[in-house]
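Take a look at the letters that make up each chain.
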Amino acid sequence: MAQILKMEENVFYNILRASHSGLRWVALILLIAAIVNAAVSLKSGYYKKKDKMLNLFAMVILHLQFLIGAFLLMTSPKVSYHAGWIAEKPGIYRFYGLEHLLGMLIAIVLITIGRKKAENTIAINAKHRKIMVYYLIGLVIILAMIPWPFRANLGGTWM
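Quantities reported herein were computed from a predicted structural model and do not represent experimental measurements.

Q: Sorry if this is basic, but what is going on with the side chain of Arg-115 here?
A: In this fold, Arg-115 is placed in helix 4 (residues 92-120). When residues no more than four places from it in sequence are discounted, the contact partners of Arg-115 are Lys-52, Asn-55, Leu-56, Met-59, Ile-131 and Tyr-135.

Q: Any chance you could explain a nonpolar patch on the surface here in plain terms?
A: A surface patch of nonpolar side chains, amounting to about 390 Å² of accessible area, comprises Leu-102, Leu-105, Ile-106, Val-109 and Ile-113. By secondary structure assignment, the location of Leu-105 is in helix 4. The class of Leu-105 is partly exposed, set by a relative accessible area of 37%.

Q: Is there a simple way to explain the packing of helix 4 against helix 5 (residues 124-145) in this structure?
A: Helix-helix packing is characterised by the crossing angle of the two axes and by the distance between the axes. With their axes 8 Å apart at the nearest point, helix 4 and helix 5 run at an angle of 175 degrees to one another. By the angle between their directions, the pair helix 4 and helix 5 is classed as roughly antiparallel. Residue composition of the contact of helix 4 with helix 5, by class: 15 nonpolar, four polar and six charged.

Q: Looking at this model, I keep getting lost on the nonpolar core. Mind explaining?
A: Most often, soluble globular proteins have nonpolar side chains that are buried together. With 30 residues, the main nonpolar core has Leu-31, Leu-62, Ile-111, Tyr-135 and Ile-142 as its most contacted residues. Within the residue set of this core, elements represented by two or more residues are helix 1 (2-41), helix 2 (49-75), helix 4 and helix 5. The element that contributes the greatest number of residues to this core is helix 1, accounting for nine residues. Non-local contacts of Ile-111, meaning those with residues more than four positions away in its chain, are made with Leu-31, Met-59, Leu-62, Tyr-134, Tyr-135, Gly-138 and Ile-142.

Q: Looking at this model, I keep getting lost on helix 2. Mind explaining?
A: Residues separated by three or four positions in an α-helix point in the same direction, a consequence of the helix having 3.6 residues per turn. Here helix 2 spans 39 Å end to end across 27 residues, near enough to the 39 Å set by a 1.5 Å rise per residue. Here helix 2 has its buried residues at Asp-51, Leu-54, Asn-55, Ala-58, Met-59, Ile-61, Leu-62, Gln-65, Ile-68, Gly-69 and Leu-72.

Q: Looking at this structure, how should I read the pattern of salt bridges?
A: Side chains that differ in sign of charge can pair as their charged atoms come close. For the coordinates displayed, the defined rule picks out two salt bridges. The partner of Lys-50 in a salt bridge is Asp-51, and the shortest N-O contact between them spans 3.1 Å. Linking Glu-119 and Lys-52 is a salt bridge whose minimum nitrogen-to-oxygen distance equals 3.9 Å. In this pair, Glu-119 sits in helix 4 while Lys-52 sits in helix 2, placing the two residues 67 residues apart along the sequence. For Lys-52, a relative accessible area of 36% puts it in the partly exposed group.

Q: Honestly, the side chain of Ser-41 in this entry has me stumped. Any pointers?
A: Checked against the element boundaries, Ser-41 lands in helix 1. A distance of 2.8 Å separates a polar atom in the side chain of Ser-41 from the backbone oxygen of Asn-37.

Q: Looking at this structure, I do not really get the packing of aromatic side chains. What am I missing?
A: What characterises a pair of aromatic rings is the spacing of the ring centres plus the angle enclosed by the ring planes. Applying the stated rule across the entire model yields zero aromatic pairs. The ring of Tyr-46 has Lys-48 sitting right over it, with the charged end atom 5.7 Å from the ring centre. Positioned above the aromatic ring of Tyr-47 is the side chain of Lys-127, whose terminal nitrogen or guanidinium carbon lies 4.9 Å from the ring centre.

Definitions and cut-offs
- In this numbering scheme, every chain counts its residues from 1 along its sequence in written order.
- Selection of residues for local features in this predicted model requires a pLDDT of at least 70, selection of side-chain atom pairs for listing and counting requires 80 or more, and totals for whole chains, interfaces and linings are taken over all residues.
- Working from all heavy atoms in the structure, the side-chain values ignore hydrogens and water.
- Note on conventions: DSSP H or I runs of at least 4 residues are helices, E runs of at least 2 residues are strands, and numbering of each starts at the N terminus.
- The contact rule is simple, with two residues in contact once any of their heavy atoms fall within 4.5 Å.
- Patch definition: residues with relative accessible area over 30% and no salt bridge; like charges joined within 9 Å; nonpolar side chains (Val, Leu, Ile, Met, Phe, Trp, Tyr) joined within 5 Å.
- Under the convention used here, a 1.4 Å probe and the Shrake-Rupley method define accessible areas, while residue burial counts only the protein chains that appear.
- Salt bridges are defined by distance alone: a side-chain nitrogen of Lys or Arg within 4 Å of a carboxyl oxygen of Asp or Glu.
- Think of it in three bands: with a 1.4 Å probe and only protein chains considered, a residue is buried below 20% of the maximum accessible area for its type, exposed above 50%, and partly exposed in between.
- The axes are straight lines fitted to the C-alpha atoms, using for helices just the contacting stretch, and the angles between their N-to-C directions are given from 0 to 180°.
- Every angle not falling under 35 degrees, over 145, or within 65 to 115 is termed oblique; those three ranges are roughly parallel, roughly antiparallel and roughly perpendicular.
- Nonpolar residues are Ala, Val, Leu, Ile, Met, Phe, Trp, Tyr, Cys and Pro. Charged residues are Asp, Glu, Lys and Arg, and all others, Gly as well, are polar.
- Among buried residues, the Ala, Val, Leu, Ile, Met, Phe, Trp, Tyr and Cys ones that are joined through side-chain atoms within 4.5 Å form a nonpolar core.
- Expected helix span is taken as 1.5 Å per residue step, with the number of steps being one fewer than the number of residues.
- Polar contact is defined as a pair of N or O atoms within 3.5 Å, subject to the rule that within protein one atom must be able to donate a hydrogen and the other to accept it, and that residues adjacent in sequence are counted only when both atoms are side-chain atoms.
- When two rings of Phe, Tyr or Trp (its six-membered ring) have centres within 6.5 Å they constitute a pair, described as stacked for plane angles under 30 degrees, edge-to-face for angles over 60, and tilted for the intermediate range.
- Definition used: whenever NZ (Lys) or CZ (Arg) falls within 6 Å of the ring centre and also within 35 degrees of the ring normal, the charge is taken to sit over that ring.

As structure tokens, this is what we get:
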């Protein structure tokens, strides 16, 4: 029975990991699209429904990505929150258990605040500017916190 539960746990972990990895590309594309759209629309004088929806979808997919990541954090062998975990294994455990988590949380909070501020702004060019600035700062933080394959010993993949 314990072996069956362990196998089901591995299947769940693998599904979460694949979802989190694959959804990363959708999130990055939507975030970049929202930034480019805001930059292009800055002088247009219009804030259309497509602008609002693109900004919303980029934010929502990032929230979904964060939720999947939170579930993944609870099942991942790369994170172990036991006494002294940072001191014992400062590399991969610290990255996934602390740096990745906090960096992504900060980025998503900034993006959410930026979208809310933009929606509450009356001036059209200010709406686009706020989206562009907040989403760009969030994107930079996200890119820094992704465990890319070229980052030493973090176990990231292109998947």
